[in-house]
Amino acid sequence: MATIGMHFGHDAGVALTDAGGYRVIEAERRLGFRHVCGSNGDFPREAAAWLAELRARAASPVTRIAVADWYTPRCQVLPPALVELVGEDARWTATGGTGLADAVTRVIKPLDWPLAKGFGDITLTAVRHHYAHAALAYYTSGARKALVLALDGTGNYAECGMVCLGDGDQLTPVMSFTNRTGPRFGLVYEALARRIHGSQFDTGKLLGLTATGETSAALLPVLRAMLVPQSTRRASPELYEPLDEDRLTGTALCYADTWWEYDPDSGGYLDAGLADSSDDDVVHSFGSVFPDAIRTADGTATAIGTSPDERICRDLAATLQTAVEQDLTQLVTGLSRRFPSYATLCYAGGCALNITANSLLAESGQFTRVSVPTCCDDSGIALGAALAVAGPADRPALIGRSDWASLAYAGPSLQGLDPLDPGATFPAEDLTARLRGLGLSLRRADDDEEFVQAVAALLAEQRCVAWLEGGLETGPRALGHRSLLVSAHWPGARRYVSETIKQREWFRPVAPICPEEVADQYFAGPLDHTETMLFAVRVRPDRAEQLAEARHIDGTARLQTVRPDTQPLLHRLCHAVAARTRLPVLINTSANGGGRPILNHVDEAIELLAETELDAVALPERRLIAE
């Protein structure tokens, strides 16, 4: 029987899992603005339609609905029983301890819930936020035995993470982390992103900025104490490295006009003052406001800027990244030693979008594989909730190398065109007329080879092409289905696609695409983890000049390797471009205008083509090219 999951917090959405596969609807891509939550815009009205759409696509009757327990109280379509559970059940809201396994799923009554109408007799289950992250990571990995880690800014109850053990069809929670004691990787990262870039959701920008700065030895211990206080480090030295007290004595954080001195008892700064505060106060204090100034152990007070153009902001970003990498590596090392029989790590939560930290885990030698789902952030919570309560038969069997694609492209097909019929000729007259009215044209290739060669010619001529095929990607990365492509061979390619077309900041990274079989000629690092753009690699020194447009300032790259069995036309395109430029590497970034979600409607693509410097839109399944 099929299972549907729902998530009402930011990056809200709905999802389906059954024996036939996954289907994910991210609310932001239907409503047209980023990080939608259950109280935004048309979500209450549209949610019923999304559920009906999933029910119609299910291969079997929907008998279970799962709802993640983190939500916004302003949402108008919450199950009343979920609100009661989160607000009143102390046992459910407790973190850690032996009762954790009883507080990750709970059957609740669907009474007085309008969205349950039309489903008949269903079982409604609440799923704890971080358990949904963990379920997504484990059940979409194909692993039958794994250590599972979820880390993010926060769910409910100041909880910021969870550790589970996956064995066969069972996923058992064994540890819970809270922002009261750390690790606060997500919250502190969000706070600095908010200060420098203006939003807690700009952590991706902050990660890009890290490559432009240098780690400060004086600031590093202060930031590490903010992430995990000394009291926690002393209590669990096998998970967290205790810090040198001499490098913390005399340090302080300034918020507005108040200096918070380092407190040797708690081993932190705000920790003692927040001991009796509510969970909301704890989350707000660490996640919403970054200090205005930091005093280091030598007595130097450093004012913290608010712009990515300021050197202190770039150095602080680099220092925080170093702190996260050091403490995350220590934490995972400790967990691996505590649970030594688990050779696979499944990792999810917003922190799993940190590609440089992910690469350290992959190259640490502790695991034979580190698996991160494409929608590891909250955009995957709805599917994670569904997988947490689904029966084994409703979790698709994953055993092959290409099975990652079933999740990566589980979003809807491109909207605005008639449903694909492989045996029919697409009538392009309507699209031709729409384009002609905008001064644009449409051409059709007779076969795949002609189509690939036509797009390759555009890329070799220093043009930018929107490549739109198949199901929409899940999660924040464009993986060749909703991508803007340029060839990496020409100077200025990065600036053209990133700044001219997308109007993004100068430091934002782009991502190279390369055929898997030749990737080691250009890149080094965890090349067996590079299909979903969630790990960083290093550009080989002898290729640094050739790949100057595709690499980060620090010499790394967010590589995606492609294979003929999962992306045949894109794989052929790389080689066709190489025949013209002697370089099989393309630069990829998501197909969207500045600040908007990845597009999924042909009208949005035409708008981008008509109103920006984008040169063409390619529709591989139709063999159509709009210019």
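Above this text is the structure in question.
Just so it is clear, the structure is predicted and the values come from calculations on it, not from any experiment.

Rules used in this analysis
- Residues numbered from 1 in each chain as written.
- Predicted model: local features only at pLDDT ≥ 70, side-chain atom pairs only at ≥ 80, totals over all residues.
- Heavy atoms only, no water.
- Pairing = 2+ DSSP bridges.
- Helix = DSSP H or I, 4+ residues; strand = E, 2+ residues; numbered from the N terminus.
- Axes fitted to C-alpha atoms, helices over the stretch in contact; angles between N-to-C directions.
- Core = buried A, V, L, I, M, F, W, Y, C linked by side-chain atoms within 4.5 Å.
- Buried < 20%, exposed > 50% of the residue type's maximum accessible area, 1.4 Å probe, protein only.
- Contact = heavy atoms within 4.5 Å.
- Lys, Arg positive; Asp, Glu negative; His and termini not counted.
- Salt bridge = Lys/Arg side-chain N within 4 Å of Asp/Glu carboxyl O.
- Phe/Tyr/Trp six-rings, centres within 6.5 Å; stacked < 30°, edge-to-face > 60°.
- Lys NZ or Arg CZ within 6 Å of the ring centre and 35° of its normal.
- Expected span 1.5 Å × (residues − 1).

A few words on the sheet that holds strand E5 (residues 105-108). The strand order across the open sheet built from six strands is E3-E2-E1-E4-E6-E5, with neighbouring strands paired in mixed fashion. The sheet is open, and its two borders are formed by strand E3 (21-26) and E5, each paired with just one other strand. Strand-to-strand twist of the sheet, defined as the mean angle between neighbouring strand axes without regard to direction, takes the value 20°. Bridge analysis of E5 against strand E6 (residues 123-127) gives four bridges, and the strand direction is antiparallel. When the bridges of E6 are listed, Arg106 appears paired with Ala126.

The subject of this paragraph is unusual backbone geometry. Cis geometry is adopted by the peptide bond preceding Pro183, which originates at Gly182 and carries an omega value of 10°. Take Pro183: it is sitting in the loop between strand E9 (170-178) and helix H6 (185-197). Positive phi outside glycine occurs at His35, with the angle close to 55°. Take His35: it is sitting in the loop between helix H1 (27-31) and helix H2 (43-57). Residue Arg582 is not a glycine yet carries a positive backbone phi of 70°. The residue Arg582 is located in the loop between helix H18 (568-581) and strand E24 (586-590) in this model.

Our focus in this paragraph is the nonpolar core. One finds Phe290 and Tyr347 to be the most contacted residues of the largest nonpolar core, which totals 108 residues. Among the elements that make up this core, the one with the highest residue count is helix H11 (residues 311-338) (10 residues). In this structure Tyr347 touches Ala137, Leu149, Leu151, Leu328, Ala352, Asn358, Leu361, Ser371, Val372 and Pro373, once residues within four positions along its chain are discounted.

A separate point is the environment of Thr72. The residue Thr72 is located in the loop between strand E4 (62-68) and helix H3 (80-88) in this model. By relative accessible area, which is 9% here, Thr72 ends up buried. Residues Thr72 and Asn40, spaced 32 residues apart in sequence, show a C-alpha to C-alpha distance of 9.9 Å. With sequence-adjacent residues up to four places away left out, Thr72 is seen in contact with Phe8, Cys37, Gly38, Ser39 and Leu78.

Tracing the backbone through its elements, the reader meets Arg314 in helix H11. Of the side chains with opposite charge, Asp309 comes closest to the buried, unpaired Arg314, at an N-O distance of 5.5 Å. Apart from residues no more than four positions distant in its own chain, Arg314 is found in contact with Leu209, Thr212, Gly213, Pro308 and Asp309.

What follows is about the sheet that holds strand E10 (residues 252-255). The four strands lie next to each other as E11-E10-E12-E13, forming an open sheet whose pairing is antiparallel. Of all the strands in the sheet, the pair left with one neighbour each is strand E11 (258-261) and strand E13 (301-303). Taking each pair of neighbouring strands and ignoring which way they run, the sheet shows an average axis angle of 20°. Bridge count between E10 and strand E12 (residues 293-295): three bridges; the pairing is antiparallel. Bridging across to E12, Ala252 finds its partner in Arg295.

Moving on, we get to the pattern of salt bridges. In total, this model carries 37 salt bridges according to the counting rule given. Its salt-bridge partner being Arg91, residue Asp102 comes within 3.2 Å of it at the nearest N-O pair. Pair noted here: Asp102 is in the loop between helix H4 (90-93) and E5 and Arg91 is in helix H4, with a separation of 11 residues, a long-range link. Residue classification places Arg91 among the exposed positions, given a relative accessible area of 55%.

For the coordinates displayed, the defined rule picks out seven aromatic pairs. A connected cluster of aromatic rings, assembled from ring pairs, spans Phe8, Phe43 and Trp50. In this structure, Arg184 packs its charged tip against the face of Phe286, placed 3.8 Å from the ring centre. Lying over the aromatic face of Trp259, Arg295 brings its terminal NZ or CZ to 5.4 Å of the ring centre.

A word on the environment of Cys75. Secondary-structure assignment places Cys75 in the loop between E4 and H3. The buried category is assigned to Cys75, whose relative accessible area is 7%. Between the C-alpha atom of Cys75 and that of Pro44, which follows or precedes it by 31 residues, the distance is 7.4 Å.

Moving on: H6. Helix length check: H6 (13 residues) gives 18 Å between terminal C-alpha atoms against 18 Å at 1.5 Å per residue, within 8%. Counting buried residues in H6 gives 12 out of 13 residues, a clear majority hidden from the surface. What H6 keeps buried is the set Phe185, Gly186, Leu187, Val188, Tyr189, Glu190, Ala191, Leu192, Ala193, Arg195, Ile196 and His197. Looking at the buried side of H6, the elements it contacts are strand E7 (145-151), helix H7 (203-210), helix H8 (220-227), helix H10 (279-287) and H11. Backbone geometry just after H6 places Gly198 at a positive phi near 105°.

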